[in-house]
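Fold and geometry: a report
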Amino acid sequence: MRLVPWQPDDLLRRLDDVVSVYGEAMGYRTELLQTRRGYIGAHVRRAGFRAVATLTTDGHLAGFGYGYTSGPGQWWHDQVRSALDDDARKQWLTDCFEVVELHVKPAAQGHGVGARQLRALLAMADGRTVLLSTPEADEEQSRAWRLYRRFGFVDVLRDFIFPGDERAFAILGRELPLAERAVDAPGIVGI
């Protein structure tokens, strides 16, 4: 497998694959996936957009991640902003890169793909902080949670409900740039 940076057009050309990986990784219903296509298409035009993809040797998409500069007027940003107090808003949202999506096909999970994608994405990110949301889960059992904790993400909000999704999410954050010890943490394989 190889990790590659993606430009907006690269992601749009592979939108069907992106939506498929997203659906497999998140376990979402088909009707929700169709609405995600439009959101993803709009996201590639946001300021600070950065993306990575993991491709198999035969060119199939095994995983992807992307984000952009978080700002007022963006749905996710405004939802999270409304739940934070003034001090937390200043700390986390003033100069923030938002990891919007980071997914690996279930068959490719457990091989360091997510860690490589996250490290590469954060290395390209602009901002003083980075935020992301992830479904609430047992931190010991969830690969995503273990990954985020290894990278030094801390709780910003817990048990947050986004409109339109019945699951509770955690909002996690960390400062940028990555410290060398986070990049070289055990279990994180080089790009």
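Parameters and conventions
Residues numbered from 1 in each chain as written. Predicted model: local features only at pLDDT ≥ 70, side-chain atom pairs only at ≥ 80, totals over all residues. Heavy atoms only, no water. Helix = DSSP H or I, 4+ residues; strand = E, 2+ residues; numbered from the N terminus. Buried < 20%, exposed > 50% of the residue type's maximum accessible area, 1.4 Å probe, protein only. Areas by Shrake-Rupley, 256 points an atom, 1.4 Å probe, with all protein chains shown as cover. Lys, Arg positive; Asp, Glu negative; His and termini not counted. Charge placed at Lys NZ, Arg CZ, Asp CG, Glu CD. Arc of directions from axis to C-beta. Salt bridge = Lys/Arg side-chain N within 4 Å of Asp/Glu carboxyl O. Phe/Tyr/Trp six-rings, centres within 6.5 Å; stacked < 30°, edge-to-face > 60°. Pairing = 2+ DSSP bridges. Core = buried A, V, L, I, M, F, W, Y, C linked by side-chain atoms within 4.5 Å. Contact = heavy atoms within 4.5 Å.

When you go through the protein residue by residue, the secondary structure sums to 8 helices and 7 strands. Taking the principal axes of the C-alpha coordinates as reference, the protein spans close to 50 × 40 × 30 Å. Every one of the 191 residues in the protein was classed for burial, and the buried ones make up 49%. Of the accessible surface of the protein, which amounts to about 9,500 Å², a share of 49% is contributed by carbon and sulfur atoms. Here the protein contributes 24 positive and 26 negative side-chain charges, whose respective centroids are spaced 4 Å apart.

Of all the positions in helix 4 (residues 75-83), only Trp-76, His-77, Gln-79 and Val-80 are classed as buried. Along the axis of helix 4, the buried residues cluster in a sector spanning 165 degrees; they form a single face.

Another aspect to go through is the pattern of salt bridges. The tally for this structure, following the rule as stated, stands at 13 salt bridges. Across the salt bridge formed by Arg-37 and Asp-16, the nearest N and O atoms sit 2.5 Å from each other. Of this pair, Arg-37 sits in helix 3 (residues 30-43) while Asp-16 sits in helix 2 (residues 15-26); the two residues are 21 residues apart in sequence, bridging distant segments of the chain. Asp-16 sits in the exposed class, given a relative accessible area of 54%. Put simply, Glu-24 and Lys-105 hold a salt bridge, and the shortest N to O gap is 3.6 Å. Separated by 81 residues along the polypeptide, Glu-24 in helix 2 and Lys-105 in the loop between strand 4 (96-104) and helix 6 (113-124) bring together distant segments of the chain. Look at Glu-24 and you get partly exposed, because its relative accessible area is 38%. Among the charged side chains, a network of salt bridges with common partners joins Glu-136, Glu-139, Arg-149, Asp-155 and Arg-158.

Summarising the element assignment, Ala-120 is placed in helix 6. With 77 residues separating them in the primary sequence, Ala-120 and His-43 have C-alpha atoms 19 Å apart.

Another aspect to go through is the packing of aromatic side chains. Per the counting criterion, the structure on display carries 7 aromatic pairs. The interplanar angle of 35 degrees and the centroid separation of 5.5 Å between the aromatic rings of Trp-75 and Phe-162 together place this pair among those described as tilted. Linking Trp-75 in helix 4 with Phe-162 in the loop between strand 6 (154-161) and strand 7 (168-175), this pair joins segments that are 87 residues apart in sequence. Counting every residue linked through ring pairs, the aromatic cluster contains Trp-75, Trp-76, Phe-160, Phe-162 and Phe-169.

Counting buried residues in strand 2 (residues 50-55) gives 5 out of 6 residues, a clear majority hidden from the surface. The sheet contact formed by strand 1 (residues 2-6) and strand 2 spans 5 bridges and is antiparallel. Looking at the pairing, Arg-2 lines up with Leu-55 of strand 2. One ladder, built from 6 bridges, connects strand 2 with strand 3 (residues 61-69); its direction is antiparallel. Residue pairing in the sheet places Arg-50 in a bridge with Gly-67 of strand 3.

The biggest cluster of nonpolar side chains holds 36 residues, and the ones touching the most others in it are Trp-6, Leu-11, Leu-61, Phe-64, Tyr-66, Leu-131 and Ile-171. With 6 residues, the single largest contributor to this core is helix 2. For Leu-11, the contacting residues outside a window of four places in its chain are Trp-6, Val-18, Ile-40, Val-44, Phe-49, Ala-51 and Tyr-66. Counting 19 residues, the second largest nonpolar core, distinct from the first, contains Ala-125, Leu-132, Ala-170 and Leu-176.

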